[in-house]
Each structure stands twice: as structure tokens, then as C-alpha cells.
Amino acid sequence: MLGHGMTYSGSARYPIEDGFDDVAEWVYAGSDEVGFDVKAFATGSLAEPVNHGDIHRQLCFVYRDNLVHFFWFIRWLAREGIDPAAYLVGKGRLLPTYHSSGLYATLYISGCASWSDADRLATSAACKKILYDVEREHVKQDIAELRALVPEEADPVTREAVRILVRTARKLYRHIPRAAGAIERVFEQTSGDVSIEDREMLGQVLKGRLACLSGFGPRPYGREDVEGLLGYCRERGIHVELSVINGPDLHVIGGSALNIARAEIIAKKGLAGRVPFLVSKVLIDSAPHTSRHREVVRRYEAVVDRFLAEGRLREPAIPFVSRHGRLVTTAEDVRHEVLHLLDEVYDFQEMCRTGIRHGMQWVVMGLSGEQSAGRRVVRANLMDAAMSNGAGGFLFASTDVEAARSRREREALMVALSRDARVLGLAAMGSGVFLRSLEGLRAAWESAIESCRTRCELEQEPSHLVRVS
């Protein structure tokens, strides 16, 4: 199963006619308060658009949203008469994957951490403080970089990059009306210190940034083109890095707001080689999956190691696929995956290839179907991985409950899953107990995970690998 969180308001809304409208409310009620109304955001009931790009809010939201989609899926299996715990865990019909901060839900699903401990790792006050403190230090550096520029001596790329920062501030930070002016003032200032007021405003808008480079067709804007752009920038002291590999023609780069704006101009003008089809902003403050977060890793190491020492973070009962496309099977694998989530490149393309190599046949996506660009990314990567490995014939389904296409795909997948369950003697088992209580469903899942772990420990063998994801 491919688990992905949504990044726009209303993504976790479920129609009453499907009988699952209570899942989101149940998940959010069981999570710690983090100062951000993730429930209202997920159900689309916020009074006005909210910038949820803050990296801590992103961690909080994606963690909970992934759990919503996961419990939606196993409840859906139960409604169809398949015991989800016996089928997915007992018979090894699950290979969890994740995208970015979806890791924390995967820790729970695979048995590495309890619901509450996964929640604490992702959303605790300690995590928030580390992220905020490091970002504040980066902002000081970013302000100093902007302040050091001399308008009359700045090259055309830099001058245009500053104009991009001003436009971005006016568009994304309308609630800070003087932010755009602060950028212009500090850029034009040639002497004296930056005022406290301007520093405060810039601290809210000069965060690290991500940009997505894409190019399709017979000559895609591929990895070689991205490396050419990064090399061109590096030679000129513009520090930007690869952040996410979402596909052979879809890459994300990260860096400071100013340097990402510079890289965007260089790419669009073709100064570093071929011009990408599209350069689009990713609305997440900070620049995850880059070296910008190495200090976060250093400060967070003690937290992760304490969880390991106390047995609150351990090896998975069900192996899952790492961000580098390797199977996570040991406690040390889990430690590395959690600790380096923010400072290492995320390779979704290789993750899909690994799934195909391990016999993945059925794919469930926690995505809102036709509305989600992520759905196209998942499909494209899986099809590419299937062709390169000589595989095929697998079925897709999304937890989206509105699109007609999603309904048809779920019906086809359920036919296949029911057929497989019957072969294993697990179909029509009268699993109504799972439908009566979401807490009962959760308890059944956690019990199955512990039973799987105990069995593997007695046999002194790693958890079984899977055929189906």
C-alpha cells in the first residue's frame, strides 16, 4: 500500500453515504494538540485559506492524514468481509511505503512505534522547538545574505530573484502586509543595521524553499539536466541541492528563498542548459531533504536514541520501503530512517522500483483521486518501474470516494482482493466486529502486529516479505 498525505484543504472529507465520515474525526481526536487545526484543514471547514507550509504543521498534518487514509482502507476491507489484520499482517499482503513526513504513520502501521509514540516523534513540543530554533538561525543567515547585496552591483539574476521574493511575499503572506516592503528595504539598504521590525517580518517570509523542475515528452528534463543546473549554481556560489526525486522527469530542489529564486531564473532562461517545461513552487516552509537540516539531525539525535533505548522505537514487524528504496528490517534501519528524514534526498522513484521488484501487484493510494497531482506521480513511477522490471498487470485504487474513476478502480481491486482472500480461506469471515468500533479495528490491528513480532522472534527470523502492497 502506498500511503501519501494530502496537502490541500478538504482532502480528508468523506461522504456520509460511504459510512466512513467518522474516521477523520476519530483520528484527529486521538492526536495531541499542536496549535494547528488539522481537523478543520483536512475537512475543508476553515473559514479562509491557511498557509500550512510551516514544516512542523506539515509533519503534524501528514502524519494524521496518513492514518485517516490507512484506517479508511482497512475498514473498507472489513466491510467487504475480509479480516484486514489476518489478511494484511497474517498473510503478508502488505508492503508499506511513504512519502516524506508520511514516515511517521508508517512507523505505526509497520509496528515500529505505538500511535502515541509516533505522534510524539513527529509533532511533540521538543520536535517543534528544534525545527523552529534551527530555522531562526537560518533566517539570520538569509537576512545577512540579502543585506550584503548592493543593488547597483548585483547581477541581473540576483535582481530578478529579489523581485520574485517580493512577489512571493505579497502572494503567500498577505497577512503580513509590510513583508514585501521589508524585503525591498533591506535589499536597498547600504549601511546601518536592519531594524527589529524588518527582521521580525523577514523571519516569517525568508524561509527555506523548494522548487519542482519538470519536463515531459520524448526529451524529458531529467536527472542529468538537474545536475547541470545544480553544478552551474554551485560554480557561482548559489547553494541549492536536490531534495526529492519524484520521477525521471520530476525533481525537487531546495535551498534558501533567495538562492531558489536565483535557480528558478537560471533554469527558465536556459543559462545552465535545457529549459525545463515547468518550474513550480512547493508551498512548504524550510527546505526538507537537504543539508539545511543537518543541525536539526544533530539536535534530534538524543530524542531518537532515547526512544530506541526505552523500546518505544524498534524494528518493524512488517518491513517497509525506505526513502532510498531499501527494505527497512532492523532497529538501526529505523533509526536512520527517522533521524535523517529531513537532511537526506527522498527518492520516490527508487521506492517504486523496490516495490515492483518485491512482487507488488495491487496498489492502494491514500490520495484524493482525480484531484491530486500526486496520483499522477504515483502512477507514472509505478508504470516506469514495472516496464523496466518486466512486470505489469497490477491494479490501482485510491481512497478518494468521489471520483467515478476511483469508484471503478476500487471495485476492480476489491474483486481481486476478495478472490485472493478466498484462496487463503479468509473471505466472508463475518468481520462485522471491526465495523462496530474504530477502536476495535485499531485494537485488532495492533494485536496482529504484536503477534507477528512475537512469532518472528520465536522463529528468530525477520518478518516475512510480501507479495502485495
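Residues numbered from 1 in each chain as written. Predicted model: local features only at pLDDT ≥ 70, side-chain atom pairs only at ≥ 80, totals over all residues. Heavy atoms only, no water.

K.L.:
Hey, could you run me through the packing of aromatic side chains in this one?
P.N.:
Aromatic ring pairs are defined here through the distance separating the ring centres and the angle between the ring planes. In total, this model carries twelve aromatic pairs according to the counting rule given. Grouping aromatic residues by their ring pairs yields a cluster made of Trp26, Phe70, Phe71, Tyr108, Trp115 and Trp445. The ring of Tyr232 is capped by Arg236, whose NZ or CZ atom sits 3.5 Å from the centre of that ring. Its guanidinium or amino end placed over the ring of Phe307, Arg312 lies 4.0 Å from that ring's centre, counting from NZ or CZ. (Phe/Tyr/Trp six-rings, centres within 6.5 Å; stacked < 30°, edge-to-face > 60°. Lys NZ or Arg CZ within 6 Å of the ring centre and 35° of its normal.)

K.L.:
Before we go on, may I ask you to explain the environment of Cys127 in this structure?
P.N.:
Within the element layout of this structure, Cys127 appears in helix H7 (residues 125–148). Beyond its immediate chain neighbours, meaning those up to four positions away, Cys127 contacts His56, Leu59, Leu121, Ala122 and Tyr300. (Helix = DSSP H or I, 4+ residues; strand = E, 2+ residues; numbered from the N terminus. Contact = heavy atoms within 4.5 Å.)

K.L.:
Hey, could you run me through helix H13 (residues 294–309) in this one?
P.N.:
Residues spaced three or four apart along an α-helix point in a common direction, a consequence of the helix completing one turn every 3.6 residues. The first and last C-alpha atoms of H13 sit 23 Å apart over 16 residues, in line with the 22 Å expected at 1.5 Å per residue. The principal kink in H13, of about 45°, is found at Tyr300. Listing the buried residues of H13 in full gives Val296, Val297, Tyr300, Val303, Val304 and Phe307. Buried residues along H13 sit against helix H6 (115–123), H7 and helix H14 (331–339). Directly beyond the C-terminal end of H13, a positive phi value near 75° is found at Gly311. (Expected span 1.5 Å × (residues − 1). Bend = angle between axes of the 7 residues up to and from the residue. Buried < 20%, exposed > 50% of the residue type's maximum accessible area, 1.4 Å probe, protein only.)

K.L.:
Looking at this model, I keep getting lost on unusual backbone geometry. Mind explaining?
P.N.:
Most peptide bonds are trans, and most residues other than glycine sit at a negative phi. Although it is not a glycine, Ser100 sits at a positive phi angle of roughly 55°. The phi dihedral of His289 falls on the positive side, at around 70°, and the residue is not glycine. By the element assignment, His289 lies in the loop between strand S6 (278–282) and H13.

K.L.:
Mind showing me how you'd approach empty space enclosed by the protein here?
P.N.:
Unoccupied space between atoms shows up once a probe the size of one water molecule is rolled over them. A complete count under the given rule lists four cavities of 30 Å³ or more for this structure. Together, 15 residues line the largest cavity, and Leu165, Thr168, Arg209, Ala257 and Lys281 are the ones closest to its centre. Looking at the lining of the largest cavity, the elements that each hand over two or more residues are helix H8 (156–172), strand S3 (209–214) and helix H12 (257–269). By residue class, the composition of the lining of the largest cavity is eleven nonpolar, one polar and three charged. (1 Å grid on protein atoms, 1.4 Å probe; cavity = no way out; pocket = protein on both sides within 12 Å on 5 of 7 lines; lining within 4 Å. Points joined across faces, edges and corners; volume = space filled by probe spheres on them. Nonpolar A, V, L, I, M, F, W, Y, C, P; charged D, E, K, R; others polar.)

K.L.:
Can you help me understand the nonpolar core in this one?
P.N.:
Soluble globular proteins tend to pack their nonpolar side chains together in the buried interior. By size, the foremost hydrophobic cluster in this structure holds 97 residues, and its most contacted members are Phe71, Leu107, Leu313, Leu382 and Trp445. No other element matches helix H3 (residues 55–79), which puts 14 residues into this core. Ranked by size, the runner-up nonpolar core spans 47 residues in total, among them Val162, Leu213, Ile245 and Ile253. (Core = buried A, V, L, I, M, F, W, Y, C linked by side-chain atoms within 4.5 Å.)

K.L.:
Is there a simple way to explain the pattern of salt bridges in this structure?
P.N.:
Across all of its chains, the model carries 36 salt bridges by this definition. Notably, a salt bridge pairs Asp117 with Arg312, separated by 3.1 Å at the nearest N-O pair. Here Arg312 lies in the loop between H13 and strand S7 (320–321) and Asp117 lies in helix H6, a separation of 195 residues in the sequence. A salt bridge links Asp133 to Lys129; the shortest N-O distance between them is 2.6 Å. (Salt bridge = Lys/Arg side-chain N within 4 Å of Asp/Glu carboxyl O.)

K.L.:
Can you help me understand H3 in this one?
P.N.:
An ideal rise of 1.5 Å per residue puts 36 Å on 25 residues; H3 measures up with 36 Å between its terminal C-alpha atoms. Positive backbone phi, approximately 90°, marks Gly81, located one or two places after H3.

K.L.:
I would appreciate a short explanation of the sheet that holds S3 in the present structure.
P.N.:
With mixed pairing, five strands are arranged side by side in an open sheet as S6-S3-S5-S4-S9. Only two strands of the sheet have a single partner each, and these edge strands are S6 and strand S9 (346–347). Here five bridges tie S3 to S6, and the two strands are oriented antiparallel to one another. Bridge assignment links Ser214 to a residue of S6, and that residue is Leu278. (Pairing = 2+ DSSP bridges.)

K.L.:
Looking at this structure, I do not really get the environment of Ala161. What am I missing?
P.N.:
With respect to the helices and strands, the residue Ala161 is situated in helix H8. By relative accessible area, which is 0% here, Ala161 ends up buried. Taking the C-alpha atoms as reference points, Ala161 and Ile265, 104 residues apart in sequence, are found 7.1 Å from one another.

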